[in-house]
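# Survey of secondary and tertiary structure
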Amino acid sequence: GKQLHRQVPPHRWSVTRKDLKHLRTLVEKFVAKGWILPTALHKFEISDGIIGPCIHAVNEQLIQPITAKAGGMSWALMLHPDGLPCDLFVTHCWQEGIYEFIDKVRNSWPRRARHAYCCMLSNPQNLDIGNLISSPSASPFARALRASTYMLVVPNRQCSIYSRAWCAYEAFLAYSDSKIIFTASAPVLHLRREISYIVMTIACVLVIAVVVAAQFEVDDLGRLAGIHYHYAPFGGLVATLAIFAQTSSAVIKHSPVTRAIAYTSAVFSAAYLGVAGFIAAVMGARNGLFGNYTSRSVIDAFGGVCLCIGAATLEVDRLWCIRAQQEASQLLTGYTGRLRDAKSSKDEDKETILRELVTSGKENEVDSAIQVLLDSGVSTPSLRTAVAHAGKLKAAGYWSLSMVLVSWFGWAWAPLYGIADMAERHWHFVEMGYCRSANLAFVCIDPGQTSMCASLTNYCRSPLEGPAVPLCLLNLLGGLAWLFSFIALGRDKRGFAAAALIRIVGIGSLPVLCPLLLLFPLEFSSKIVGIGVLAFAFTPVTLILSIMGPGWASRVPLIGPLIVKLLMLRISFECQRPDEAVLPTAEVPPARAVGDQGCKSRDEEQGG
């Protein structure tokens, strides 16, 4: 083992995400068979499947015995003797349970990372680790971190990892080398169960709405016979109320009230989808996908589907936010705001680390970088630049899934509906004979029929001849371009891109859509100015800002910092800093006092 660690450089002492999954399975097997047991120093509940045995107990009763038999190398080199290049550096302080640790790391593993350096698995636990870390800057930790792209910070329930000297030093190195720093998050408990409840609510209301709609005949133009002029504004009102419920749920403090709003939104959305879907199904059976306004009915139903998805994701947002609050709180526990206050069981380690930190002249900058992580959930060069120009950006790494979906669906739905509306009206006017030359001449010659003449002239020409369809296509292409760019963006830029979408496109399109939803059938040809503003102003601005990210946007002279502050301004009470809100605890089991039961800190165990 000693020879292998001389041959393979530290930045290749890595494990894969799959290795962590296998380790969890192995620990569960050892616990079930009684091969890992609580000790006087390392107590844990055998039946606990969420926190698990203390990492020290796993190290002493599983990792050390198995690697000793294999030759004394680390767990990582036992599995991969040639080593694996490090993309991801995992920093933690050995205060968490093994299940908690593995679940957080696997759940937060960056998409582009393949292999991770994790001290308990990467360092040889049966060799003299003290010699390896006698010089912090030349230690395996430092060499692996310099080779990595990402650093993943794993919070625990006992103390902030930045209250420990070696973790503070790793933060210093990560900042100095401009690494992307993430906070690891545990999987959300009961997520599937909570979503299933709201999906069942949607399904029940949907069935009722379809049954009620089936009591009425659908005429040739896709209208409910006898009640069309009552249903049209009512349907628009239901859709608008669903959007309002989703928006309000996203901007008020999470509580039983927000759950009630989410279910209210689900009811409105399902009711709208039930009626719109029934009409679309009847029209589709008669006409196929086009003719007699069938395509418009189909896109109406698509809008109902979007609203239902938005309602279901409100619950996802609520649970994500609770989790983010708890983990931010864990990073704050015992952290004074200054890395120089970090503690170590070995005074010489702390003195050496502080000496290097002070000599670098970056002590205050590193403290600021950690504060960005605490405020935003992520600390990257881009975000740190934005904070330097625009000031504190709270929760910049977080975004509302429901609001993003509703805003983007609206962005896609509006131009699709506009194209279908104009194509269907053209087809209908031609089929009914309104576009014959004699009819046009008869209508347009009458001075009292000016508005009718304008409508006939507009809809009798090909939709491609006017500006409305090209503008709708431009908006649709812009929405698709934003979606693909959003998927490709890093986490720090996603929060900014989501804010640009919601506040520019989402809010900007309301004056165009909401009055029509509430009062009139949608006739996009009459809203050409609004469509043009969306196409030539809101769409390109949203795309450009999303791609620039907060760092580059904040550098725009004069207006850059203001734009970033306005977009990232938290107008809601959700995802507050833990020192500003009472954290809910119902979704997470109570913390077990691992540290109080004897688990040592990481630097007590091995100095890092």
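Each value, and the rule that gives it
Residues numbered from 1 in each chain as written. Predicted model: local features only at pLDDT ≥ 70, side-chain atom pairs only at ≥ 80, totals over all residues. Heavy atoms only, no water. Helix = DSSP H or I, 4+ residues; strand = E, 2+ residues; numbered from the N terminus. Buried < 20%, exposed > 50% of the residue type's maximum accessible area, 1.4 Å probe, protein only. Contact = heavy atoms within 4.5 Å. Disulfide = S-S within 2.5 Å. Pairing = 2+ DSSP bridges. Right-handed = clockwise from strand over helix to strand, strands pointing away. Patch = residues over 30% accessible without salt bridge, like charges linked within 9 Å, V, L, I, M, F, W, Y side chains within 5 Å. Areas by Shrake-Rupley, 256 points an atom, 1.4 Å probe, with all protein chains shown as cover. Salt bridge = Lys/Arg side-chain N within 4 Å of Asp/Glu carboxyl O. Polar contact = N/O pair within 3.5 Å; in protein donor to acceptor, adjacent residues only side chain to side chain. Axes fitted to C-alpha atoms, helices over the stretch in contact; angles between N-to-C directions. Parallel < 35°, antiparallel > 145°, perpendicular 65-115°, else oblique. Left-handed = near helix turned anticlockwise from the far one by under 90°. Core = buried A, V, L, I, M, F, W, Y, C linked by side-chain atoms within 4.5 Å. Nonpolar A, V, L, I, M, F, W, Y, C, P; charged D, E, K, R; others polar. Phe/Tyr/Trp six-rings, centres within 6.5 Å; stacked < 30°, edge-to-face > 60°. Lys NZ or Arg CZ within 6 Å of the ring centre and 35° of its normal.

### Remarks on the overall build of the protein chain
The number of helices and strands found in the protein chain is 25 helices and 6 strands. Of all 608 residues assigned to the protein chain, the portion counted as buried reaches 53%. For the protein chain, restricting intrachain contacts to residue pairs at least 6 apart in sequence, the fraction spanning at least 24 positions comes to 82%.

### Things to note about the state of the cysteines
Tallying each qualifying case throughout the model produces 1 disulfide. A disulfide bridge connects Cys-435 with Cys-460, and the sulfur atoms are separated by 2.0 Å. One quick way to see it: the torsion about the S-S bond of Cys-435 and Cys-460 is about -90°, and its sign makes the bridge left-handed. With Cys-435 in the loop between helix H17 (401–431) and helix H18 (437–444) and Cys-460 in helix H19 (residues 450–460), the pair connects residues that are 25 residues apart, well separated along the chain.

### A short note on the pairing of strand S2 (residues 88–91)
Burial along S2 is two-sided: the face carrying Leu-88 and Val-90 and the face carrying Phe-89 and Thr-91 are both buried. Judged from the 3 bridges that link them, S2 and strand S3 (residues 115–118) form a sheet pairing that is parallel. Note that in S3 the partner of Phe-89 across the bridge is Tyr-117. Once you follow S2 into helix H5 (residues 98–107) and on to S3, the crossover reads as right-handed. Note that S2 and strand S4 (residues 150–153) share 4 bridges and pair parallel. The residue of S4 that forms the bridge with Val-90 is Leu-152.

### Describing the sheet that holds S4
Here we have 6 strands laid out as an open sheet, ordered S1-S3-S2-S4-S5-S6, and mixed in their pairing. Whereas interior strands pair on both sides, the edge strands pair on one side only; in this sheet they are strand S1 (15–16) and strand S6 (378–379).

### Comments concerning the pairing of strand S5 (residues 180–183)
As paired strands, S4 and S5 are joined by 4 bridges and run parallel to one another. In the strand pairing of S5, Tyr-150 is matched with Ile-180. Traced from S4 through helix H9 (residues 165–176) to S5, the parallel crossover comes out right-handed. Bridge analysis of S5 against S6 gives 2 bridges, and the strand direction is antiparallel. Across the sheet, Phe-182 pairs through a bridge with Val-378, a residue of S6.

### Considerations on unusual backbone geometry
Residue Asn-292 is not a glycine yet carries a positive backbone phi of 55°. With respect to the secondary-structure elements, Asn-292 resides in the loop between helix H12 (256–287) and helix H13 (294–332). Judged by its relative accessible area of 18%, Asn-292 falls in the buried class. Here the phi dihedral of Tyr-293 falls at roughly 70°; this positive angle occurs in a residue that is not glycine. Mapped onto the secondary structure, Tyr-293 falls in the loop between H12 and H13. Overall, Tyr-293 belongs to the buried group, its relative accessible area being 7%.

### Some points on a nonpolar patch on the surface
A cluster of nonpolar side chains, contributed by Leu-477, Leu-480, Phe-484 and Ile-487, occupies part of the molecular surface with about 400 Å² of accessible area. The topology assignment puts Phe-484 in helix H20 (residues 468–488). Classification of Phe-484 as exposed rests on a relative accessible area of 57%.

### Examining the side chain of Asp-48
Tracing the backbone shows Asp-48 in the loop between helix H2 (17–32) and helix H3 (55–70). A polar atom in the side chain of Asp-48 sits 3.1 Å from the backbone nitrogen of Ile-51.

### Topic: the packing of H20 against helix H21 (residues 491–508)
To describe two helices that pack against each other, one gives the angle between their axes and the distance between the axes. At a closest axis distance of 9 Å, the pairing of H20 and H21 adopts a crossing angle of 160°. By the angle between their axes, H20 is roughly antiparallel relative to H21. As H20 packs across H21, the resulting crossing turns out to be left-handed. Counting all contacts with H20, which are made through Trp-482, Phe-486 and Ile-487, the residues of H21 involved are Arg-494, Ala-497, Ala-498 and Leu-501.

### Things to note about the side chain of Arg-384
In this structure, Arg-384 sits in helix H16 (residues 381–390). For Arg-384, a relative accessible area of 11% puts it in the buried group. Side-chain polar atoms of Arg-384 contact the backbone oxygen of Lys-179, separated by 3.5 Å. Excluding its chain neighbours within four sequence positions, the residues that come into contact with Arg-384 are Tyr-175, Ser-178, Lys-179, Ile-181, Ala-369, Val-372 and Ser-379.

### Regarding the nonpolar core
Of all hydrophobic cores here, the largest spans 92 residues; its most connected members are Val-27, Leu-62, Ile-98, Phe-101, Tyr-162 and Leu-339. For this core, the leading source of residues is H9, giving 10 residues. Counting 17 residues, the second largest nonpolar core, distinct from the first, contains Trp-411, Leu-476, Leu-501 and Ile-502.

### Observations regarding the packing of H17 against H19
Interaxial distance between H17 and H19 falls to 8 Å at its minimum, and their mutual angle equals 105°. Relative to H19, the element H17 lies roughly perpendicular. For the pair H17 and H19, contact is made by Asp-421, Arg-425, His-426 and Phe-429 and by Ser-455, Leu-456, Tyr-459 and Cys-460, respectively. Per-class residue counts for the contact of H17 with H19 are 4 nonpolar, 2 polar and 2 charged.

### Remarks on the packing of aromatic side chains
Here the distance between the centres and the angle between the planes together describe a pair of aromatic rings. Scanning the entire structure with this criterion turns up 12 aromatic pairs. Ring geometry for Tyr-150 and Phe-182: centres 5.9 Å apart, planes at 35°, overall tilted. Linking Tyr-150 in strand S4 with Phe-182 in strand S5, this pair joins segments that are 32 residues apart in sequence. In terms of burial, Tyr-150 and Phe-182 fall into one category: buried. With a centroid separation of 6.5 Å and an interplanar angle of 50°, the aromatic rings of Trp-411 and Trp-482 are classed as tilted. With Trp-411 in helix H17 and Trp-482 in helix H20, this residue pair connects regions lying 71 residues apart in the sequence. Grouped by ring-pair contacts, the aromatic residues Trp-399, Trp-411, Trp-482 and Phe-486 constitute a single cluster. Positioned above the aromatic ring of Phe-486 is the side chain of Arg-494, whose terminal nitrogen or guanidinium carbon lies 5.5 Å from the ring centre.

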